[in-house]
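Architecture and fold: a report
The residues making up each chain are set out below.
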Amino acid sequence: MSWENDFRTALLDWFAAEKRDLPWRRDYAPYAVWISEIMAQQTQMDRVVPYFNRFLAQFPDVAALAAADEDAVLVAWEGLGYYSRARHLHAAAKKIMADFGGRLPDRPEDIRELPGIGDYTAAAIASIAFGADVPVVDANVLRILARMDDIDTPIREPAGRAKAQALAERLLPGGRARQWNQALMELGGLVCRPKKPRCAACPVRELCQARHLGIVSDRPVLSKTKDIVPLNVATGVLVQAGRVFIQKRLPKGAWGNLWEFPGGRIEPGETPEAAAVRELREETGFETDVAGKLAVIRHGYTTFRVTLHCFLLHLTGRPREACPPEPVLTAAQQSLWVAPAELTRFAFPAGHRKLIDSLSRDLRLVFRGSAGQEGKNMPPAAKGRGPLETL
């Protein structure tokens, strides 16, 4: 996908220019990388640096660490907390001396066998110290991937984790795992933070789906706190004289004061097409006909999984080039008839924004019936794609 290529390029360029000058990055010596990764567990990277320098001054290599008394190791670790990490580090050094001839193993599966090392740390050491082409997926990376690709499945549950892992593997640029994995972790630590993310400073903000949809604070989805309720909803994109009808929601509710295409839940026994027509009538007073199906949009919220059936509608018995009428609003505070290219000026809920993105390939549809207007004022993505002939 093109966004993935752009994402790789932008992130690697940013890391090359902005990466922090950390001591283990100067030559990527395997021992130094290993110590830094263990210290960075449950500790911010900037805070690690003085402890790292002090530790390596006292234990400059695997042999020195393995030969040390445990008390000396714990004293050198003092201030970092989580002392089990220091004990595991000491035990791992002894194992490296005994089983690997004093050299840190370079294969992730062998590194994984050392005390205190899990899948993430093994991948980090293998890629950063030895350049192994393995993705690193920690909390920072999960958060970035969930925001970039709008992963709306709980990210720590098997389905969400599988989506993120597959994306991480697909994104990994062969031969550049050292830079790539560090760039992701750097982005997550400095910019794409859990709270108060610095989106304005993000080098990949234009590619981020969560930012585009206005749901950065909702990604990643962390857990299922309640049962997910499926909702089947229908909405109508009503077109008249080359303009699209939109309405502004009432101030109350989660999406208060956002713009939308009229629509609502599909009632039991009702078809999506009939629901779209009924909702337009109830919310605007317009009688409409279905000209065709535009898309099915799926979007997850905290407690809802919405399937949005989207239809192209026209006013019943009214020439398509005729001036649009005024509605009688029952579920909105304001309405407008706008040119398709103007839709980007208005704030929509994420599901409707996804619909607008979908329509950007075929927006010339809305100009049918408006003589001489087809192809004008369309975003670049819409031009040259060809209309959906079935509509």
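Residues numbered from 1 in each chain as written. Predicted model: local features only at pLDDT ≥ 70, side-chain atom pairs only at ≥ 80, totals over all residues. Heavy atoms only, no water.

Description of the packing of aromatic side chains
Taken as a whole and judged by the stated rule, the model has 11 aromatic pairs. Taken together, the ring pairs connect Trp 3, Phe 7 and Trp 180 into an aromatic cluster. (Phe/Tyr/Trp six-rings, centres within 6.5 Å; stacked < 30°, edge-to-face > 60°.)

What to know about the pairing of strand E2 (residues 243–249)
Each regular strand carries side chains that alternate between the two faces of the sheet. Relative to E2, strand E1 (residues 229–240) runs antiparallel, the two being bridged by 2 bridges. Residue pairing across strands places Gln 240 opposite Arg 243, the latter belonging to E2. Linking E1 to E2, which pair antiparallel, is a turn of 2 residues; within it Ala 241 sits at a positive phi near 55°. As paired elements, E2 and strand E7 (residues 332–338) share 6 bridges and run antiparallel to each other. Following the sheet pairing, Ile 246 is matched in E7 by Leu 336. Two elements, E2 and strand E3 (residues 259–260), share 2 bridges in a ladder whose sense is antiparallel. Looking across to E3, one finds that Lys 248 is bridged to Trp 259. (Pairing = 2+ DSSP bridges. Helix = DSSP H or I, 4+ residues; strand = E, 2+ residues; numbered from the N terminus.)

Considerations on the side chain of Asp 152
Looking at the element boundaries, Asp 152 is found in the loop between helix H9 (139–148) and helix H10 (158–171). Polar contacts involving the side chain of Asp 152 include one to the side chain of Arg 305, which spans 2.7 Å. In contact with Asp 152, not counting residues within four places along its chain, are Lys 163, Arg 219, Val 221, His 299, Gly 300 and Arg 305. (Polar contact = N/O pair within 3.5 Å; in protein donor to acceptor, adjacent residues only side chain to side chain. Contact = heavy atoms within 4.5 Å.)

As for the packing of helix H5 (residues 70–77) against helix H6 (residues 84–99)
Here H5 crosses H6 at 135°, and the two axes come no closer than 9 Å. With respect to H6, the element H5 is oriented oblique. Crossing of H5 against H6: the hand is right-handed. In contact with Glu 70, Val 73, Leu 74 and Trp 77 of H5, H6 contributes Arg 85, Ala 86, Arg 87, Leu 89 and His 90. Taken together, the residues that form the contact of H5 with H6 break down as 5 nonpolar, 1 polar and 3 charged. (Axes fitted to C-alpha atoms, helices over the stretch in contact; angles between N-to-C directions. Parallel < 35°, antiparallel > 145°, perpendicular 65-115°, else oblique. Left-handed = near helix turned anticlockwise from the far one by under 90°. Nonpolar A, V, L, I, M, F, W, Y, C, P; charged D, E, K, R; others polar.)

Remarks on the pattern of salt bridges
Within the structure shown, the criterion is met by 23 salt bridges. A salt bridge links Arg 211 to Glu 206, with the nearest nitrogen and oxygen atoms 3.8 Å apart. Put simply, Glu 267 and Arg 278 hold a salt bridge, and the shortest N to O gap is 3.7 Å. Here Glu 267 is found in the loop between strand E4 (263–265) and helix H13 (272–284), whereas its partner Arg 278 is found in helix H13, with 11 residues between them in sequence. Residues joined in a network through salt bridges with shared partners are Glu 267, Glu 270, Arg 278, Glu 279 and Glu 282. (Salt bridge = Lys/Arg side-chain N within 4 Å of Asp/Glu carboxyl O.)

Looking at the state of the cysteines
In total, this model carries 0 disulfides according to the counting rule given. Considering cysteine sulfurs only, Cys 208 is the nearest to Cys 199, which forms no disulfide, with 6.5 Å between them. Cys 199 sits in the partly exposed class, given a relative accessible area of 24%. The cysteine Cys 202 is free of any disulfide, with Cys 192 supplying the nearest cysteine sulfur at 6.3 Å. (Disulfide = S-S within 2.5 Å. Buried < 20%, exposed > 50% of the residue type's maximum accessible area, 1.4 Å probe, protein only.)

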